[in-house]
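Given next are the chains, with one letter for each unit.
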Amino acid sequence: MQNEQGKKRKALYILLALLAAISMWIYADEFGNNGGHRVIEKTITDIPVNFNGESKLADRGLMLLEDDTTASLDVTVKGGRRQVSRLEQDDITINVDLSNVEKAGIQQVPCTFSYDDDKFSSDMSRKPSSNQVTVNISELNRRIVDIRCELSGHVADGYSAGQLQLSQDTLEIRGQAKDIDPVSYVKVVLDVGDGAEETVSQELTFQYFDKNNKPLSSANIHPTVDSVQVTLPVFVTKELKLVVDFKESPGARKSNLNYEIKPEYIVVSGDAAALRNVETITLGELDLLDLLNGGPRYHTYPIIIPDGCQNLSGVTRATLDVSFADMTSAEVTTQQFTYANLPSGKRVDILTQELTVRVFGTTADVEAITEDQITVVADLTNYSAASGTYTVPAFVEVASNAGDLGVSGNYQVQVRIREPHEPLPEEPTEEPGQDTETSPEA
């Protein structure tokens, strides 16, 4: 029992000794340098150099060569042991800007360093092995090669493909002779899918090939553009019906027409997307009231096809022969009057007692009209401040149960406009034995 307690006590003493040693080590690490951190140095090696501005370099006919060009640098960091020890290569970035290099040859250019702010503190010092790097700049050779397009997929049944269209047929490439001389052409691949029904257009990157049609690496080859726009037009052929937009009015309806358009259809071919929802071509508009009022029966229209399409029929003009199948008119006398747009604070008396109006429509509708289905409406819009007797414009309303009838002609009625308190004028009285019929000379 005493041996067991002795073993436990010994283990406790060892643990306490370890804790004391660790505490002393941490204290020495944190405060052993005159109350400050224990300072160490660490050299982080082979930090890769990033080169920027190579496109501007290429614009000057120059390029960066890997041979004799500094690929990496070292940085020595001095600071607290705990902070310095956790630094890695990825915590430091080295950048070189080549946009200001204007001549070929091996030369020195400045570089910049950036550090991870989360791992570097202000009390740490950093010393790069150099603030400049060596670059080997060479003049670019230039070459122009053809661009070829390979087509993948097919268009849908009933559609046809046009000729491939490339934004450019050739490509200028730049680089050292040993890199660009083997290039015979570049190729892009346009995949239109399975059953294309509209024009396909894509921005495509290219692959380099030698004269034996073997692919080449693009390393160290600088093209003037990175991609090519390729378009495959997809066409459809459709038969489109020629139509006229008839402007209808009461009593003058399209359903009451006899008309014929020649030709009735034309065949067009064009972009599938442009013709997708197109079934007709509208030749123009015809107001049926013009036809009623003696307008021409025969009309000629140009055939205007949708933009970008081709008229395969070759016919450029169409003719319309149009007339009413059943049209008649009649005069109807009515004694029904009312008014519209009554002036505020006024009273109106309609003096006209009857009026004959002309209606038109199909024979059945005209013959069925009765005078109580026609109302003449005096329009007082322009008489808001007037008083007295006036002849004013009027319009005619046909009852909804009277069939489809129109009204022709212009009409007026006589009205008296007066104040609400103003009495009606006295009617003239007749003397005994006086003849009330107006003489022809009156």
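What you see is a predicted model; the values in this text were computed from it and never measured.

**Q** How should I be thinking about the overall build of the chain in this particular structure?
**A** The secondary structure content of the chain amounts to seven helices and 33 strands. Going through the 442 residues of the chain one by one, you find that 33% of them count as buried. Residue pairs at least 24 apart in sequence account for 75% of intrachain contacts in the chain once pairs closer than 6 positions are excluded. Of the accessible surface of the chain, which amounts to about 27000 Å², a share of 45% is contributed by carbon and sulfur atoms.

**Q** Explain the sheet that holds strand 26 (residues 328–334) to me, please; I cannot follow it from the model alone.
**A** In a beta sheet, neighbouring strands are held together by backbone hydrogen bonds and run either parallel or antiparallel to one another. Taking strand neighbours across the sheet as the criterion, the three strands line up as 26-29-32 in an open arrangement whose pairing is antiparallel. Strand pairing shows two members of the sheet lacking a second neighbour, strand 26 and strand 32 (406–408), which therefore form its edges. The average undirected angle you get between the axes of adjacent strands in this sheet is 40°.

**Q** Is there a simple way to explain the sheet that holds strand 5 (residues 105–110) in this structure?
**A** Pairing within the open sheet is antiparallel, and its three strands lie in the order 2-8-5. Of all strands in the sheet, those with a lone pairing partner are strand 2 (62–65) and strand 5, marking the two edges. Strand-to-strand twist of the sheet, defined as the mean angle between neighbouring strand axes without regard to direction, takes the value 45°. In this sheet, strand 8 (residues 132–139) lies alongside strand 5 in antiparallel orientation, the contact comprising six bridges. Bridge pairing in strand 8 links Gln-107 to Val-135.

**Q** Hey, could you run me through the confidence of the model for the chain in this one?
**A** Parts of the prediction with low pLDDT should not have their coordinates interpreted in detail. Looking at the chain, pLDDT values average 87 and 88% of them are 70 or higher. Per-residue pLDDT, averaged within each element of the chain, yields its smallest value for helix 1 (residues 2–31) (62) and its largest for strand 15 (residues 207–209) (97). Contacts for the low-pLDDT stretch residues 428–442, under 50 throughout, to residues beyond four places or in other chains number one contact.

**Q** Please explain unusual backbone geometry as it appears in this structure.
**A** Peptide bonds are trans in most cases, and residues, glycine excluded, mostly fall at negative phi. Of note, the amide linkage connecting Lys-262 to Pro-263 takes the cis form, showing an omega dihedral of -10°. With a phi angle near 65°, Asp-68 is a residue other than glycine that sits in the positive phi range. Its place among the elements puts Asp-68 in the loop between strand 2 and strand 3 (72–80). The phi angle at Asn-213 is positive, at roughly 65°, despite the residue not being glycine. Take Asn-213: it is sitting in the loop between strand 15 and strand 16 (215–216). Of the residues examined, Asn-213 reaches a relative accessible area of 47% and is grouped as partly exposed.

**Q** Which parts of the structure should I look at to understand the nonpolar core?
**A** Nonpolar side chains tend to gather and get buried jointly when the protein is soluble and globular. Ile-173, Leu-242, Val-244, Phe-246, Leu-283 and Leu-320 are the most contacted members of the largest nonpolar core, which totals 46 residues. By residue number, the principal contributor to this core is strand 19 (residues 234–247), which donates six residues. Ranked by size, the runner-up nonpolar core spans 24 residues in total, among them Val-49, Phe-51, Phe-120 and Met-124.

**Q** I would appreciate a short explanation of the environment of Asp-245 in the present structure.
**A** Here Asp-245 lies in strand 19. Leave out the neighbours within four places in its chain, and Asp-245 touches Thr-282, Gly-284, Glu-285 and Leu-286.

**Q** Which parts of the structure should I look at to understand the pattern of salt bridges?
**A** A side chain of one charge can pair with a side chain of the opposite charge when the charged atoms of the two come close. Within the structure shown, the criterion is met by 13 salt bridges. Across the pair Asp-349 and Arg-416 runs a salt bridge, and its minimum N-O distance is 3.8 Å. Here the residue Asp-349 occupies a position in strand 28 (residues 347–350), and Arg-416 occupies one in strand 33 (residues 411–418), the gap between them amounting to 67 residues. Residue classification places Arg-416 among the buried residues on the basis of a relative accessible area of 18%. Salt bridges here are not isolated pairs; linked through shared partners, they connect Arg-142, Glu-172 and Arg-174.

**Q** In this structure, what is going on with the pairing of strand 2? I would like to understand it.
**A** Where a strand is regular, its side chains alternate between the two sheet faces. Of the two faces of strand 2, both are covered, the one formed by Leu-62 and Leu-64 as well as the one formed by Met-63 and Leu-65. Here four bridges tie strand 2 to strand 8, and the two strands are oriented antiparallel to one another. Following the sheet pairing, Leu-62 is matched in strand 8 by Glu-139.

**Q** For this particular structure, what's the right way to read the side chain of Asp-210?
**A** Mapped onto the fold, Asp-210 is located in the loop between strand 15 and strand 16. Buried Asp-210, no salt bridge; nearest opposite-charge side chain is Lys-214, N-O distance 6.0 Å. Filtering out sequence-adjacent residues up to four positions away, Asp-210 remains in contact with Pro-182, Ser-184, Tyr-185 and Leu-216.

**Q** I would appreciate a short explanation of the packing of aromatic side chains in the present structure.
**A** Applying the stated criterion to the full structure yields five aromatic pairs. A centroid spacing of 5.9 Å and a plane angle of 75° characterise the contact between Phe-206 and Tyr-208, whose relative ring orientation is edge-to-face. Judged on exposure class, the residue Phe-206 and its partner Tyr-208 are both buried. Across the ring face of Tyr-115, the terminal group of Arg-126 is positioned such that the distance to the ring centre comes to 4.4 Å. Geometry around Tyr-185 places Arg-148 over its ring, the cationic atom sitting 3.7 Å from the centre.

**Q** Any chance you could explain the environment of Asp-91 here in plain terms?
**A** Following the sequence through the fold, Asp-91 ends up in the loop between helix 3 (81–85) and strand 4 (92–97). With 27 residues separating them in the primary sequence, Asp-91 and Asp-118 have C-alpha atoms 9.2 Å apart. Beyond its immediate chain neighbours, meaning those up to four positions away, Asp-91 contacts Arg-86, Ser-114, Tyr-115, Asp-116, Lys-119 and Phe-120. In this structure the side chain of Asp-91 is engaged in a polar contact, spanning 2.8 Å, whose partner is the backbone nitrogen of Glu-88.

**Q** Quick question: what am I supposed to make of the pairing of strand 13 (residues 185–196) here?
**A** Direction of pairing for strand 9 (residues 141–155) relative to strand 13: parallel, over a ladder of nine bridges. Looking at strand 13, one finds that Ser-152 is bridged to Asp-191. When strand 13 meets strand 15, the two strands line up antiparallel, connected through three bridges. Note on strand 15: the bridge partner recorded for Val-186 is Tyr-208.

Rules used throughout
- Residues numbered from 1 in each chain as written.
- Predicted model: local features only at pLDDT ≥ 70, side-chain atom pairs only at ≥ 80, totals over all residues.
- Heavy atoms only, no water.
- Helix = DSSP H or I, 4+ residues; strand = E, 2+ residues; numbered from the N terminus.
- Buried < 20%, exposed > 50% of the residue type's maximum accessible area, 1.4 Å probe, protein only.
- Contact = heavy atoms within 4.5 Å.
- Areas by Shrake-Rupley, 256 points an atom, 1.4 Å probe, with all protein chains shown as cover.
- Pairing = 2+ DSSP bridges.
- Axes fitted to C-alpha atoms, helices over the stretch in contact; angles between N-to-C directions.
- pLDDT = per-residue confidence, 0-100.
- Core = buried A, V, L, I, M, F, W, Y, C linked by side-chain atoms within 4.5 Å.
- Salt bridge = Lys/Arg side-chain N within 4 Å of Asp/Glu carboxyl O.
- Lys, Arg positive; Asp, Glu negative; His and termini not counted.
- Phe/Tyr/Trp six-rings, centres within 6.5 Å; stacked < 30°, edge-to-face > 60°.
- Lys NZ or Arg CZ within 6 Å of the ring centre and 35° of its normal.
- Polar contact = N/O pair within 3.5 Å; in protein donor to acceptor, adjacent residues only side chain to side chain.

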